[in-house]
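Descriptive structure summary
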Amino acid sequence: MNTETSNSTSWKPYLILGILSLIWGSSFILIKKALIVFMPVDLGFLRIGIAFLMYLFFIIREVKKVDWTLWKSYLAVGLLGSGFPSFLYAIAQTEITSSVTGILNSMTPIFTLLIGVILFTSSVTKQAKLGVIIGFLGAASLILFSDNNQLGGNPIYGLFIIGATICYACSVNLVKARFQHVNPITVSSISFLFIGPIAITYLIIQPAWYYNLQAHDYGLHAILATAILAILGTFLANIIFYRLVQLTSA
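The structure contained in this document is the topic of the report that follows. (Residues numbered from 1 in each chain as written. Predicted model: local features only at pLDDT ≥ 70, side-chain atom pairs only at ≥ 80, totals over all residues. Heavy atoms only, no water.)

1. Some details on a nonpolar patch on the surface
To keep it simple, the criterion reads: Two distance rules govern patches: like charges are joined within 9 Å, and nonpolar side chains (Val, Leu, Ile, Met, Phe, Trp, Tyr) within 5 Å, applied only to residues with over 30% relative accessible area and no salt bridge. Only the protein chains shown count as cover for residues, and all accessible areas are computed by the Shrake-Rupley method using a 1.4 Å probe. The salt bridge definition used is simple: a Lys or Arg side-chain nitrogen within 4 Å of an Asp or Glu carboxyl oxygen. Counting from the N terminus, the helices are DSSP H or I runs at least four residues long and the strands are E runs at least two residues long.
A surface patch of nonpolar side chains, about 450 Å² in accessible area, is lined by Met-54, Leu-224, Ile-228, Ile-231, Leu-232 and Leu-236. At five residues, the largest contribution of residues to the nonpolar patch is made by helix α10 (residues 219–247). Structurally, Leu-236 can be placed in helix α10.

Below is the structure:
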């Protein structure tokens, strides 16, 4: 490996990680704003449906290139990486704050490590252990420097966040194991081919979300928050996240 390639490889994952931190860190606030108008299930389907529309061009472009023997893996990545978490986060944030959501979300690294070792026989490097330790130190600092109001809410709903982090952990290990050499756009778009049509169908036959949007004074802000959440937090973030996984490790 030449020097230029080595330097590019060394700084690129950290740049991607920084971008993802900004995008996903703001997602919890956007979910809260959208929930002012939309029910959690409606928000979940709206998020998936809008992201699916963004992926349509890539789905049409990539569909003929796909190795369809991996269709079960694409389906699993779609459900675990975007499908189930879209609903779990929305349901959880009806009862807990964005701060608590962010803290609980930091469980993702440890579940990724455990699932990788148990189900995917992944090796545990010193870097991986260090990453998990840093993640927990970050979570601990959030707890220590938050006041009681920020950490309020119904703790039972935190289980939905834990469920979402387990979904993410399974998805990221699956991407690393099955799609290491597949274009991240292909992985993202084809995984949405399985879940997107379900969301669009729901939004058509269950138009209560639209009536809420029309009737609520905050409707425009809520749909804008949802669109940003879907386009940045799902469509764009998934593509660059899968690229990050390929460049590094689960």
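2. Side note on the pattern of salt bridges
Inclusion rule: Exposure categories follow from relative accessible area, calculated using a 1.4 Å probe and restricted to protein chains: below 20% of the type maximum is buried, above 50% is exposed, and the middle band is partly exposed.
For the coordinates displayed, the defined rule picks out two salt bridges. Residue Arg-61 pairs with Glu-62 through a salt bridge whose shortest N-O separation is 2.9 Å. You can call Arg-61 partly exposed: its relative accessible area is 37%. Lys-65 is the salt-bridge partner of Glu-62, the closest N and O atoms lying 3.9 Å from each other. Its relative accessible area of 4% is what places Glu-62 among the buried residues. A relative accessible area of 58% means that Lys-65 is categorised as exposed. Salt bridges sharing partners connect three or more residues here, namely Arg-61, Glu-62 and Lys-65.

3. What to know about the environment of Ile-240
As a reminder, the rule being used: Contact criterion: two residues are considered in contact whenever any of their non-hydrogen atoms come within 4.5 Å of each other.
Tracing the sequence through the fold places Ile-240 in helix α10. Once the C-alpha coordinates of Ile-240 and Ile-185 are considered, the two residues, 55 residues apart in sequence, prove to be 8.6 Å apart. Excluding residues within four positions of it along the chain, Ile-240 makes contact with Ile-16, Ile-19, Leu-20 and Ile-23.

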